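Here's the letter readout for the chains.
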Amino acid sequence: MAKSDDTYDIIQAVGGKENINNAWHCMTRLRFNIKDKDKINYDALKKVDPVMGTNYTGNQLQVVIGTNVADYYAPLAEQLGIQTDESTNAAVTAADGPQEKQNFISKLMDIVSGVFGPIVPAIAGAGMIKGLMAGMAALKWISNTTPTYQVIDMLASGVFTFLPFFVAVSAARIFKVNEFLALAIAAAMQFPTMTAAAAAGKISSFMLFGIIPVPVFNYAGTVIPIILSIWLLSYIWRFVDKHLPDAMRTVFTPTISLFIGGIIALTVVGPLGIYGGNWLADGVRWLFSVSSIFAGIVVGAIRPIAVMTGLHHAMTPIALQNFANQGYDQLMPMMFMANMAIAGATLAVYFKTSSKKEKSIVVSSAISAFLGITEPALFGVLTKYKKAFIAATIGSSVASAFISFFGVRIYAFILSSIFSLPAYVGKYFVPAVLGIIIAIGVSFAITWFLVPKEVPADQDFKLNAVTTGQYVPLEQLNDGVFSKKMVGDGYAMQSDDGVVFAPVTGRISTIFPTKHAIGITTADGIEVLVHMGLDTVDLAGKPFEVLVKVGDQVTPHTQIAQMDLKAIAAAGKDSTIVVVVTNMDKIKALQQQFTSTHALHGGQPVANVELH
């Protein structure tokens, strides 16, 4: 793994394990307590890819990595045999949820959102094509039996059929395990031997070693089983890699990890996901036996989460069986209402987000949902805007209950898209149309009221004074890392009262556990670091009170922290606040308004920032 290789090179460059008394990290730097500083090879350190610079001060070697330093500290600590304390040695990010405990569903949605973020363009594009083709076929504009349709359908359906492969790669990045090993797990779950056996339906399982059953299932389009399998693989990899001798790791770590992780995925994790779908199907049948209205309430409520987890596939056989036994089905109209509710909630998000890139994703996802393909909306939008997901769930439930009250049904299997509305012409047409209006209206309205509007970011914006006090150019700081702008460009201030404001408009993306550093990300993806004091990581957060939490929207009028200046001074530390842009590759120019010390009020413009 690349980061393990990089940290190994760093260790060798500082004189090897035997030259390191201890290692830890702050917001941007790996910090080493070194036995013999003469053994440090600075030239070798600078050649290691993530190293942005070095600084030796106070009998401490500082290796500047950047705001992703925690990703490198974990393998470094493992190689050094250091027991990490998450409260002091791990950067806390929005995905980690450090400020408050999350329930299982919230954590799951965060993980799914993180996994699907990079995949969204593929599923959004494919979903749009698939929805349009299905709509034109439903209106009889084209035939789904022509070679042209079949070729285009291959382009659109490939992503969804082989979704486990896409999910495996993205999940591997989230869980920090080898991507190709993750692909190997996904490939095993969709290997032709498995898919052919599932299609034939002649055997229910393979017998591994003659005693362990490997259930036969079709894992095409599944999500949660593969995410859980890769999560498990990451733990197996780290455990095996830690306990094998160095000389054996290259070959045997992936061998053992793939063997154990693959078998568990095929015998336990994957089947549990399928069994969950079967249990869901049995539950739906029972609901209809009790009351169709009750079924509408429950099925409408669980449909969005079922699609997100892949369990919705279990509902299709029920609908097909209803057509065979009764000549009609009431389940598919509920699926229709759920899709419209998802589209309505997604459409409302368009008016809440300020990023042009995000708006384009939202629009295409909403259109795909109207056309019957909801994965782009769920994975690309609603998992990030959880209140909108709740709104879609409520809208789906209310609309499904409404159409169930009027007994709305359909007499042929058809994609649940807006183009399928003509199939309801007749006795149930008006209730179906009203159901669509309810689904869209309720989900849109609830999203509108629950989801806060993002503050738009300008193409050119300003860094504002983070406190009231004295402006100080970075070059004048006694910290070589900041003064040489290794982390990024910006400014510093000496505070009069310890009140700390946000220097930009954006979202709180990072809060270091020791409270001395806060990261803010603007709507255009600019990352701004507010570092309170120099070398104050050693104070374990005692002089700082953080007044925001990860995910909060802030402006230059928002107080984000309070510093105890007397306590910092008593500890012998410098209380200077440093504000730097850490992803300077996105900055075309950063022009300071002052070239020397200057008295400022909190919120006063300090620098003009021009983006590429």
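Residues numbered from 1 in each chain as written. Predicted model: local features only at pLDDT ≥ 70, side-chain atom pairs only at ≥ 80, totals over all residues. Heavy atoms only, no water.

By size, the foremost hydrophobic cluster in this structure holds 89 residues, and its most contacted members are Phe116, Ile226, Ile230 and Leu382. When residues in this core are grouped by element, the largest group, 12 residues, is from helix α15 (residues 331-350). When residues no more than four places from it in sequence are discounted, the contact partners of Phe116 are Ile123, Leu163, Val167, Ser170, Val223 and Phe379. The next biggest cluster of nonpolar side chains, apart from the first, holds 38 residues, and it includes Leu463, Met493, Val528 and Val606. (Core = buried A, V, L, I, M, F, W, Y, C linked by side-chain atoms within 4.5 Å. Buried < 20%, exposed > 50% of the residue type's maximum accessible area, 1.4 Å probe, protein only. Helix = DSSP H or I, 4+ residues; strand = E, 2+ residues; numbered from the N terminus. Contact = heavy atoms within 4.5 Å.)

Judged by side-chain polarity, Phe209, Ile211, Ile212, Phe259 and Ile260 come together as a nonpolar surface patch covering roughly 520 Å² of accessible area. Tracing the backbone shows Ile260 in helix α12 (residues 246-290). The class of Ile260 is partly exposed, set by a relative accessible area of 34%. (Patch = residues over 30% accessible without salt bridge, like charges linked within 9 Å, V, L, I, M, F, W, Y side chains within 5 Å. Areas by Shrake-Rupley, 256 points an atom, 1.4 Å probe, with all protein chains shown as cover. Salt bridge = Lys/Arg side-chain N within 4 Å of Asp/Glu carboxyl O.)

This part is about the sheet that holds strand β2 (residues 29-34). With antiparallel pairing, four strands are arranged side by side in an open sheet as β1-β2-β4-β3. The strands lining the two open edges of the sheet, one partner per strand, are β1 (20-25) and β3 (53-57). The sheet shows a mean angle of 20° between the axes of neighbouring strands, direction not considered. Relative to strand β4 (residues 60-64), β3 runs antiparallel, the two sharing five bridges. When the bridges of β4 are listed, Thr57 appears paired with Gln60. Across the face of the sheet, helix α3 (residues 69-80) comes into contact with β1 and β2 while running at roughly 155° to β1. (Pairing = 2+ DSSP bridges. Axes fitted to C-alpha atoms, helices over the stretch in contact; angles between N-to-C directions.)

This part takes up the confidence of the model for the protein. Overall, the predicted model of the protein reaches an average pLDDT of 83, with 91% of residues at or above 70. The weakest mean pLDDT in the protein belongs to helix α4 (residues 86-89) at 41; the strongest belongs to helix α19 (residues 429-450) at 95. Taken as a whole, residues 85-102 scores under 50 in pLDDT and shows 37 contacts with residues more than four places along the chain or in a different chain. (pLDDT = per-residue confidence, 0-100.)

Moving on to the pattern of salt bridges. Using the criterion set out here, one finds seven salt bridges in the structure. Note that Arg31 is salt-bridged to Asp535, the shortest N-O span being 2.9 Å. With Arg31 in strand β2 and Asp535 in the loop between β13 (527-534) and β14 (544-546), this residue pair connects regions lying 504 residues apart in the sequence. A residue is classified by how much of its surface remains accessible, and Arg31, at 1% relative accessible area, is buried.

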